[in-house]
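This is what each chain is made of:
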Amino acid sequence: MSLQQVTVLGATGSIGLSTLDVLARHPESYQVHALTGHSRIELLAELCVRHRPVCAVVGVSEQADWLQARLQRDGLATRVLWGAQALCEVAADPRSDTVMAAIVGAAGLEPTLAAVMAGKRVLLANKEALVMGGALFMQAVREHDALLLPIDSEHNAIFQCMPPTTHAGLARAGVRRILLTASGGPFRDWPLEQLATVTPEQACAHPNWSMGRKISVDSATMMNKGLELIEACWLFDATPDQVEVLVHPQSVIHSLVDYVDGSVLAQLGNPDMRTPIAHALAWPERIDSGVSPLDLLAVSRLDFRAPDPERFPCLDLARQAMHAGGTACAVLNAANEVAVEAFLQQRIGFVEIAELNAAVLNSLPAEPVTDLHQVLDADRRSRQSARDWLGRHH
Ligand code: NAD
Ligand code: MG
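The structure displayed is predicted, hence computed values, not measured ones.

Chemist: Could you clarify how one ought to interpret the sheet that holds strand β6 (residues 121-124) in this entry?
Modeler: Picture the strands of a sheet paired through backbone hydrogen bonds; they go either parallel or antiparallel. Taken in spatial order, the seven strands line up as β4-β3-β2-β1-β5-β6-β7 in an open sheet, and their pairing is parallel. Strand pairing shows two members of the sheet lacking a second neighbour, β4 (79-82) and β7 (147-150), which therefore form its edges. Neighbour to neighbour, the strand axes of the sheet diverge by 25° on average, direction disregarded. Here four bridges tie β6 to β7, and the two strands are oriented parallel to one another. Across the sheet, the residue bridging to V122 is L148, located in β7.

Have a look at this one:
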């Protein structure tokens, strides 16, 4: 294998750091081309010193000045850029082969799309980008001949269990349905009436995975599984009715594919994101990820149950948005980003996340999408509507 040049968007986050951990295990195969970070700039500086990228991107000019001076002092030639435009330029830089899209939320849409339009091998962790602009995103993948590899553990599992091509729909591939597993988050067994008392800290303490705060809250409300349902529909050309969600508390089976002949294929592993990251980096080959072998005797049992719609209303909202199509998923995603932020700032309670999401989704009718501006505009209108809701309720 020749040396692959890898850009990591969101290098200072949970997925970014896991990616750099895997890359560092294989210096003969991968070189870090660019790193980006929006906060924790000291950490970004350390990562630059360790991985010596050609460029680094930060959010604002003051951060760039500080980082450039710091790296120069350490004798690094890394060029530091800043701002949203620079993120897109770096994502599309012809000198890189692979882009890990690991920015959280809508901020990742344009850089991820820039990587797709440059025909890169795109490792997609940033599910919100696909949820917002699914149709445009997948069209760009086809038009620009990008290779889109899912990092979300469930979608990576499904990808591994799928036949090579599903573009003509699941039925042609002999697939009956996709079984999307969910841990159920930290509150799957809490009494319903106690959910109102949940604190940000409790919501961010996931039983099986260590992740960024936004996705941790999404896992607790199961909006994460809702976003993943939408993500699965786009990635595998499925309808929402072909994707069934299954609560599986151990997070050992990362998802399954059910074929018409009765075969059910699953991918199993320890809950560690370095497995899907290593899979997508090396695909179709395999490389060591640093993840310890799965000890099934220690796991000993695998449990399954249906998700409770009363406990997890966000899951149905995602199904509703996917059925509505057009701008609906972008609206739901943006409302949820505002709601999660408000919850983390202790401005609203845990159960109000779903209430806000439902109110905004139902107040903005779905409109058709033919270009990116409509998606970005829906995102803006949804955030405004969410802020209005916050103003009315608090
Ligand atoms: P995180 O919060 O740990 O990291 C987010 C990264 O994005 C950081 O590098 C941050 O600096 C950067 N960022 C934040 N806001 C930005 C902005 N406005 N502009 C540019 N950069 C910005 O998040 P994470 O847990 O690593 O998740 C990243 C993405 O991967 C999310 O979309 C998440 O849903 C997805 N994902 C994460 C996991 C996981 O285990 N952490 C699993 C599956 C999918
Ligand atoms: Mg996931």
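Read on, since the account is not over.
Chemist: What is the right way to read the coordination of the magnesium ion (ligand 2) from this model?
Modeler: For a metal with four tetrahedral donors the ideal donor-metal-donor angle is 109.5 degrees, while six octahedral donors give ideal angles of 90 or 180 degrees. Around the magnesium ion (ligand 2), the donor atoms from the protein are D152 (OD), E154 (OE) and E228 (OE), and they sit 2.1 to 2.2 Å away. Look at where the donors of the magnesium ion (ligand 2) fall in the sequence and you get D-x1-E-x73-E. Of the residues examined, E154 reaches a relative accessible area of 9% and is grouped as buried.

Chemist: When you look at the packing of helix α2 (residues 41-51) against helix α3 (residues 61-73) in this model, what are you seeing that I'm missing?
Modeler: Packed helices, taken two at a time, are described by the angle between their axes plus the distance between the axes. Between α2 and α3, the least distance of the axes is 10 Å, while the angle of their chain directions is 35°. Considering how the two elements wind past one another, α2 and α3 form a crossing that is right-handed. Within the contact between the two elements, α2 uses I41, E42, L44, A45, C48 and V49 and α3 uses Q63, W66, L67, R70 and L71. Its residues assigned to classes, the contact of α2 with α3 comprises eight nonpolar, one polar and two charged.

Chemist: Looking at this structure, how should I read the UniProt feature "binding site: 1-deoxy-D-xylulose 5-phosphate" (unreviewed entry) in the chain?
Modeler: With numbering matched to this structure, UniProt assigns "binding site: 1-deoxy-D-xylulose 5-phosphate" (unreviewed entry) to K127, S153, E154, S183, H206, S219, N224, K225 and E228. From the set just named, the residues that line the largest cavity comprise S153. For S219, the position within the fold is in helix α9 (residues 213-221). Look at S219 and you get buried, because its relative accessible area is 9%. The residue N224 is located in helix α10 (residues 223-236) in this model. Judged by relative accessible area, which is 7%, N224 ranks as buried. In contact with N224, other than residues within four places in its own chain, are K127, I215, D218 and S219. Among the polar contacts listed, one links the side chain of N224 to the side chain of K127, at a separation of 2.6 Å.

Chemist: Sorry, what's going on with the side chain of S382 here?
Modeler: If you trace the backbone, S382 turns up in helix α16 (residues 372-393). Within the local environment of S382, its side chain forms a polar contact with the backbone nitrogen of A335, the two atoms lying 3.2 Å apart. Residues contacting S382, with those up to four places away along its chain left out, are V331, A334, A335, V360 and L364.

Chemist: Honestly, the site of ligand 1 in this entry has me stumped. Any pointers?
Modeler: In the vicinity of ligand 1 lie 23 residues, with T12, S14, H38, E128 and G212 positioned nearest. Burial of ligand 1 by the protein chains amounts to 86% of its free accessible area of 820 Å². Looking at the shell around ligand 1, the elements with two or more residues in it are α1 (14-24) and α6 (127-143). Residue composition of the shell around ligand 1, by class: 11 nonpolar, nine polar and three charged. Residue assignment places the shell around ligand 1 across two domains, with domain 1 (4-151) and domain 2 (159-393) each supplying three or more.

Chemist: Would you explain the domain arrangement of the chain in this entry?
Modeler: One frequent convention defines the size of an interface as the accessible area lost when the parts assemble. In terms of domain boundaries, the chain breaks down into domain 1 (4-151) and domain 2 (159-393). Residue-level contacts link 38 residues of domain 1 with 39 residues of domain 2. Summing both sides of the interface, domain 1 and domain 2 together bury roughly 3200 Å²; the carbon and sulfur share of this comes to 72%. Ranking the residues of domain 1 by area buried against domain 2 places K127, V131 and M132 at the top, with a combined share of 20%. Along the contact surface separating domain 1 from domain 2 lie three salt bridges. Put simply, E228 and K127 hold a salt bridge, and the shortest N to O gap is 2.9 Å.

Chemist: I keep staring at the pattern of salt bridges and nothing clicks. Help me out?
Modeler: Opposite charge on two side chains permits them to pair, given that their charged atoms come into close proximity. As enumerated under the stated definition, the model contains 23 salt bridges in all. Two residues, D21 and R25, come together in a salt bridge whose shortest N-O distance is 2.9 Å. Judged by its relative accessible area of 36%, R25 is partly exposed. Between E228 and K225 there is a salt bridge, with the nearest N and O atoms lying 2.6 Å from each other. In this pair, E228 and K225 both sit in helix α10, three residues apart, roughly one turn of the helix. You can call E228 buried: its relative accessible area is 1%. Assessed through its relative accessible area of 6%, K225 is described here as buried. When salt bridges that share partners are traced, they join K127, D152, E154, K225 and E228 into one network.

Chemist: Looking at this structure, how should I read the sheet that holds strand β8 (residues 175-182)?
Modeler: Taking strand neighbours across the sheet as the criterion, the four strands line up as β9-β8-β10-β11 in an open arrangement whose pairing is mixed. Looking at the sheet topology across the chains shown, the edges are occupied by β9 (243-247) and β11 (264-268). Here the strands of the sheet are splayed against their neighbours by 20° on average, with no regard to which way each runs. As judged from the four bridges shared by β8 and strand β10 (residues 253-259), these two strands associate in the antiparallel manner. Within β10, the position partnered with L179 by the bridge is L256. Packing of helix α7 (residues 153-161) onto the sheet brings it into contact with β8, β10 and β11, and relative to β10 it is tilted by some 40°.

Definitions and limits used
Residues numbered from 1 in each chain as written. Chains lettered and ligands numbered in written order. Predicted model: local features only at pLDDT ≥ 70, side-chain atom pairs only at ≥ 80, totals over all residues. Heavy atoms only, no water. Pairing = 2+ DSSP bridges. Helix = DSSP H or I, 4+ residues; strand = E, 2+ residues; numbered from the N terminus. Axes fitted to C-alpha atoms, helices over the stretch in contact; angles between N-to-C directions. Donors = N, O, S within 2.8 Å, 3.2 Å for Na, K, Ca; no water. Buried < 20%, exposed > 50% of the residue type's maximum accessible area, 1.4 Å probe, protein only. Left-handed = near helix turned anticlockwise from the far one by under 90°. Contact = heavy atoms within 4.5 Å. Nonpolar A, V, L, I, M, F, W, Y, C, P; charged D, E, K, R; others polar. UniProt positions renumbered as here; feature names shortened; annotations may be inferred. 1 Å grid on protein atoms, 1.4 Å probe; cavity = no way out; pocket = protein on both sides within 12 Å on 5 of 7 lines; lining within 4 Å. Polar contact = N/O pair within 3.5 Å; in protein donor to acceptor, adjacent residues only side chain to side chain. Near = heavy atom within 4 Å. Areas by Shrake-Rupley, 256 points an atom, 1.4 Å probe, with all protein chains shown as cover. Domains from an automatic or database assignment. Buried area = accessible area lost by both parts, 1.4 Å probe. Salt bridge = Lys/Arg side-chain N within 4 Å of Asp/Glu carboxyl O.

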